[in-house]
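Examination of the molecular architecture
Read off the chains here:
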Amino acid sequence: MRYDAELNKNFRVLGPQGTSKSVILNTFVQRAADRFDTIQIPMSAYLSFDRLRKVVESHYVAKRKKAFVPKNEDKKILIMIDDLHLQSNLKINLVEFMRTWTQANGYFDVGAGFFKRITDFAVIMAQNSSYRVDKCKVAGRQPLSNRFLFYATTQYTDEVQIE
């Protein structure tokens with residue numbers, strides 16, 4: 001991630017519990033604060049499409065009625081999703097929404113009645129690799145779809161043995 005100054009793609013850190021995935025993302029966010037405005041998305045039951053849209057749009061300003069640009073033109077928007085594996089606990093499909101948003105550079109706002117073009121953003125994510133096997137399948141939940149993850153570069157972080 002440190003070599004990608006533009007971060008023109010999505011990035012996912014994958015690994016078992018306790019391998020510092022969140023620390024890696026938070027360190028990147030702190031070091032890249034001069035290039036990005038960061039939005040942290042918590043994976044909680046409080047999250048809804050409407051809340052997500054409002055939080056993200058608060059970092060943008062309307063250039064034209066249907067086109068939005070970041071408030072600070074010198075920075076891109078960085079959406080940080082920690083605990084991506086908890087998607088299966090939500091009542092909304094956040095990952096599918098982000099996939100559509102990434103492919104189309106925006107989304108159709110049903111309330112406003114038009115397509116909102118939102119660009120200049122990237123998504124970074126941390127995901128627990130063992131949660132998918134241990135928790136989702138046992139609880140009968142649908143594991144995370146790879147449709148959005150196809151558009152993300154994945155780095156696997158493994159446990160380090162300390163002697």
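Up top you'll find the structure we're talking about.
For clarity, every value in this text was computed on a predicted model and none was experimentally measured.

What follows deals with the sheet that holds strand 8 (residues 121-128). If you trace the five strands from one edge of the open sheet to the other, you get 2-5-8-1-9, paired in parallel fashion. Each edge of the open sheet carries a strand with a single partner, namely strand 2 (36-41) and strand 9 (152-156). Each neighbouring strand pair of the sheet contributes to a mean axis angle of 20°, computed without reference to strand direction. Where helix 1 (residues 21-31) meets the sheet, it contacts strand 1 (10-15), strand 2, strand 5 (76-81) and strand 8, and its direction lies at approximately 160° from that of strand 8.

Once that is clear, we can look at helix 2 (residues 49-57). Considered for burial, the residues of helix 2 that qualify are L52, R53, V56 and E57. Burial along helix 2 is one-sided: seen end-on, the buried residues are contained in an arc of 120°. In the core, the buried residues of helix 2 are packed alongside strand 2, strand 3 (60-62), strand 5, helix 3 (94-104), strand 6 (106-109) and strand 7 (114-118).

The element strand 8 is extensively covered by neighbouring structure, given that eight of its eight residues are classed as buried. For strand 1 and strand 8, the ladder comprises five bridges, and the chain directions are parallel. Residue pairing for strand 8: F11 is matched across the bridge by I124. Both strand 5 and strand 8 contribute to a ladder of five bridges, which runs parallel. Directly across from M80, in strand 8, lies its bridge partner I124.

We now examine the sheet that holds strand 6. The four strands lie next to each other as 3-4-7-6, forming an open sheet whose pairing is mixed. Of all strands in the sheet, those with a lone pairing partner are strand 3 and strand 6, marking the two edges. When strand polarity is set aside, the average angle formed by the axes of neighbouring strands in this sheet is 30°. Looking at chain direction, strand 4 (residues 67-70) and strand 7 are connected through two bridges and run parallel. Residue A67 lies in a different strand from strand 7, and its bridge partner there is R117. Across the sheet, helix 2 lies against strand 3, strand 6 and strand 7, angled at about 125° from strand 6, the strand it touches most. Each of strand 6 and strand 7 touches helix 3; the most contacted strand, strand 6, lies at about 110° to it.

Time to look at the packing of aromatic side chains. By the definition in use, this model includes three aromatic pairs. Summarising the aromatic geometry, the rings of W101 and Y107 are spaced 5.5 Å apart at their centres and angled 75° between planes, so their arrangement reads as edge-to-face. For W101, a relative accessible area of 1% translates into the label buried. When the ring of W101 is compared with that of F121, the centres are 5.3 Å apart and the planes differ by 45°; the resulting orientation is tilted. Within this pair, whereas W101 is found in helix 3, its partner F121 is found in strand 8, the two being separated by 20 residues in sequence.

Calculation rules
Residues numbered from 1 in each chain as written. Predicted model: local features only at pLDDT ≥ 70, side-chain atom pairs only at ≥ 80, totals over all residues. Heavy atoms only, no water. Pairing = 2+ DSSP bridges. Helix = DSSP H or I, 4+ residues; strand = E, 2+ residues; numbered from the N terminus. Axes fitted to C-alpha atoms, helices over the stretch in contact; angles between N-to-C directions. Contact = heavy atoms within 4.5 Å. Buried < 20%, exposed > 50% of the residue type's maximum accessible area, 1.4 Å probe, protein only. Arc of directions from axis to C-beta. Phe/Tyr/Trp six-rings, centres within 6.5 Å; stacked < 30°, edge-to-face > 60°.

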